[in-house]
Each structure stands twice: as C-alpha cells, then as structure tokens.
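If you want the building blocks of each chain, they are given just below.
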Amino acid sequence: MQKSFDVAGKTALITGANRGIGKAIVTSFVEAGAAKVYAAVRTVATAEPLVAAFGPKVVPLELDIANERQCRAAAGIASDVEVVVNNAGVLLGAAPIAADVEKKLAGEFEVNVYGLLRVVNAFAPVLQRNGGGAFVQLNSVASLRSFADFATYCASKAAAYSLTQALRSQLAGQGTVVLSVHPGPIATDMATSAGLADIAEPASLVGDGIVASLRAGDFHHFPDSMAKELGKAYAAFAASVVEGEDD
Ligand SMILES: NC(=O)c1ccc[n+]([C@@H]2O[C@H](COP(=O)([O-])OP(=O)(O)OC[C@H]3O[C@@H](n4cnc5c(N)ncnc54)[C@H](OP(=O)(O)O)[C@@H]3O)[C@@H](O)[C@H]2O)c1
C-alpha cells in the first residue's frame with residue numbers, strides 16, 4: 001500500500017484533457033476539490049468548454065506528448081503541479097499479421113509509450129520539488145490481455161504498464177505515489193472507433209475511480225465492470241508479485 005493522496009486543494013495536470021476520459025478526469029478532480037487543473041491539450045482552443053464549465057481554476061496548456069520540447073516547456077510553466085495524470089493515448093490497431101502492422105505499432109508506441117516517458121521525465125522533478133505528489137498513468141485491460149485485432153495497441157499498453165511498475169519503484173524514492181489505471185471499454189471516441197460503443201461504460205467511472213484510488217493508496221485501479229472482472233482474476237498475482245516486492 002502506498003500513502004494516501006487526496007486531490008482536494010491540489011494542483012493537477014491532465015494530458016489529453018479536452019475529450020473522452022481526460023475530460024471526465026478534469027470534472028472528477030474539480031468536483032473533488034482540486035485547487036487548479038491544467039488541461040494539457042494539443043490545441044488550446046479545445047479546452048475552452050472546460051474553462052466555460054469550471055471557470056479559472058481550469059488552465060489550458062499546450063501539450064503534444066509526442067513533442068519532447070513541449071513536454072519540457074509545459075513542466076516549466078506548470079511548476080506548481082502536485083499530481084500528473086498521463087491520459088493522452090491513441091488506438092490505431094493492427095493484428096500481428098497485417099501489411100501496416102509496423103507503422104501502427106510505431107504510431108502507438110510514439111504516444112502511448114515514448115509519450116509516457118517524455119511526460120514523466122519532464123514532470124518527475126516538478127513533483128519532487130512540490131513534495132512528492134502523485135503520478136497517474138492510463139493503462140488498460142489491454143495491458144494485461146491481448147486482443148488480436150488491436151494487438152499493436154495492446155503491446156503499447158503492456159509496455160506502458162511495465163514502465164508504470166518501474167516508475168512505482170523509482171518514484172517511491174522521491175515520495176511520489178504512482179497509480180496504474182486499467183479501464184475496459186469506456187464510452188469515448190476511442191471505444192466507438194474500436195466498435196465497442198455498445199458495451200462501453202461512462203467515463204465518469206474512471207475519473208471518480210482515480211480520485212478514490214489515490215485516496216486509498218492503491219497502485220492498480222480497475223474502474224468498470226469488465227475491468228473489475230479482470231482485476232479480480234489478476235489480484236493474487238498483482239498483490240504477491242507486482243506489488244509484493246516493495247511492500
Ligand atoms: N476508451 C476506452 O475504452 C479506453 C479503455 C482503456 C484505456 N483507455 C485509455 O484511456 C486514455 C484516454 O482514452 P479515450 O478513450 O479518452 O481516448 P479518445 O477519446 O480517443 O481521446 C484521446 C485523447 O488523447 C489526446 N491525444 C492523442 N494523442 C495525443 C498527443 N500526441 N499529445 C497529447 N494528447 C494526445 C487526444 O487529443 P486530441 O483531441 O487533440 O486528438 C484526446 O484528448 C488513453 O490512454 C486510452 O488508451 C481508453
């Protein structure tokens with residue numbers, strides 16, 4: 001178990017904040033009493049509806065996580081951040097045997113894996129200077145189980161989960177707690193594009209679940225029904241092998 005982190009009164013930054021799960025996380029954090037939320041987005045104008053809804057405590061910030069220079073610049077501007085949620089991600093989705101498999105794998109690794117590394121390398125020193133804080137990574141049920149039609153996406157989310165485990169150990173040294181979030185199908189553009197709209201559950205489950213899991217000091221969070229089923233099957237391995245060594 002890690003120490004409890006309460007978002008109330010804290011300054012947060014959420015990547016990919018303009019739509020889908022990112023937007024729901026902004027909403028949950030504001031409702032949970034966050035003092036300020038940087039809505040980190042590729043196109044600043046897309047964060048305007050959030051400012052209209054929540055007022056000046058939402059601060060739009062330009063951030064393409066595929067761009068290392070922008071990650072470092074954002075960390076310079078958002079120097080008061082105490083909790084970073086790396087939510088931005090892409091699903092291009094190819095099966096392992098497909099003409100475009102390498103291109104899609106590379107595109108997904110660029111954002112889902114290298115993007116995670118860019119964000120955490122830029123912001124870890126900021127979190128340390130501000131007392132440790134928390135780092136949250138949007139992984140997936142696809143981090144733990146592959147689906148043939150989206151095999152490249154699953155591989156990128158498995159790699160991101162592996163890095164998140166390493167971050168839990170490394171960032172413990174500076175007092176930063178880490179949360180790995182593993183949703184199943186959630187009602188966003190991504191789920192629609194994957195043909196999963198019919199079984200998708202609300203994005204608010206993810207935002208509210210992150211707030212609760214940070215408060216509980218959890219490392220893994222499984223927000224929706226499909227994810228919870230998988231989480232149940234995985235729990236013993238997670239407790240004894242993934243989390244066991246450091247506790
Ligand atoms: N929906 C699901 O069923 C599901 C399930 C498990 C995990 N997840 C994960 O949850 C996260 C959010 O997914 P979602 O469903 O909300 O996806 P989404 O509806 O497709 O939205 C993706 C978000 O990521 C942003 N983004 C994409 N590339 C970016 C980049 N290079 N730099 C910064 N922002 C970038 C998009 O910004 P633009 O508007 O500028 O494109 C958008 O805000 C992802 O990491 C995804 O893998 C989703």
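Residues numbered from 1 in each chain as written. Predicted model: local features only at pLDDT ≥ 70, side-chain atom pairs only at ≥ 80, totals over all residues.

Peer 1: Teacher, can you tell me more about the packing of helix 4 (residues 101–129) against helix 5 (residues 151–172) here?
Peer 2: Helix-helix packing is described using two parameters, namely the angle between the two axes and the distance between the axes. At a minimum axis separation of 8 Å, helix 4 and helix 5 run at an interaxial angle of 20°. Judged by the inter-axis angle, helix 4 sits roughly parallel to helix 5. Viewed along their axes, helix 4 and helix 5 form a crossing whose handedness is right-handed. Contacts from Val 101, Lys 104, Leu 105, Glu 108, Phe 109, Asn 112, Val 113, Leu 116, Leu 117, Val 120 and Ala 124 in helix 4 reach Thr 152, Tyr 153, Ala 155, Ser 156, Lys 157, Ala 159, Ala 160, Leu 163, Leu 167 and Leu 171 in helix 5. Taken together, the residues that form the contact of helix 4 with helix 5 break down as 15 nonpolar, three polar and three charged. (Axes fitted to C-alpha atoms, helices over the stretch in contact; angles between N-to-C directions. Helix = DSSP H or I, 4+ residues; strand = E, 2+ residues; numbered from the N terminus. Parallel < 35°, antiparallel > 145°, perpendicular 65-115°, else oblique. Left-handed = near helix turned anticlockwise from the far one by under 90°. Contact = placed C-beta atoms within 7 Å. Nonpolar A, V, L, I, M, F, W, Y, C, P; charged D, E, K, R; others polar.)

Peer 1: Before we go on, may I ask you to explain the environment of Phe 123 in this structure?
Peer 2: By the secondary structure assignment, Phe 123 is in helix 4. Given 25 C-beta atoms within 10 Å, Phe 123 falls into the buried group. Other than its neighbours up to four places away in sequence, Phe 123 contacts Ala 75, Val 81 and Val 84. (Buried ≥ 20, exposed ≤ 12 C-beta atoms within 10 Å, placed from the backbone.)

Peer 1: Where do I start with the site of the ligand in this structure?
Peer 2: Residues in close proximity to the ligand total 29 residues, the closest being Gly 16, Gly 20, Ala 88, Gly 89 and Thr 188. Looking at the shell around the ligand residue by residue, the classes come out as 13 nonpolar, 12 polar and four charged. (Near = placed C-beta within 6 Å.)

Peer 1: I tried to follow the pairing of strand 2 (residues 36–41) on my own but got confused; where do I start?
Peer 2: Along a regular strand, successive side chains alternate from one face of the sheet to the other. Burial within strand 2 is extensive, with five of its six residues counted as buried. Pairing geometry for strand 1 (residues 11–15) and strand 2, over five bridges, is parallel. Considered in strand 2, the bridge of Thr 15 is made with Ala 40. Crossover connection from strand 1 via helix 1 (residues 20–31) to parallel strand 2: handedness right-handed. Pairing analysis gives five bridges linking strand 2 to strand 3 (residues 58–62), with the strands arranged parallel. Pairing of Val 41 across the sheet is with Glu 62, part of strand 3. (Pairing = 2+ DSSP bridges. Right-handed = clockwise from strand over helix to strand, strands pointing away.)

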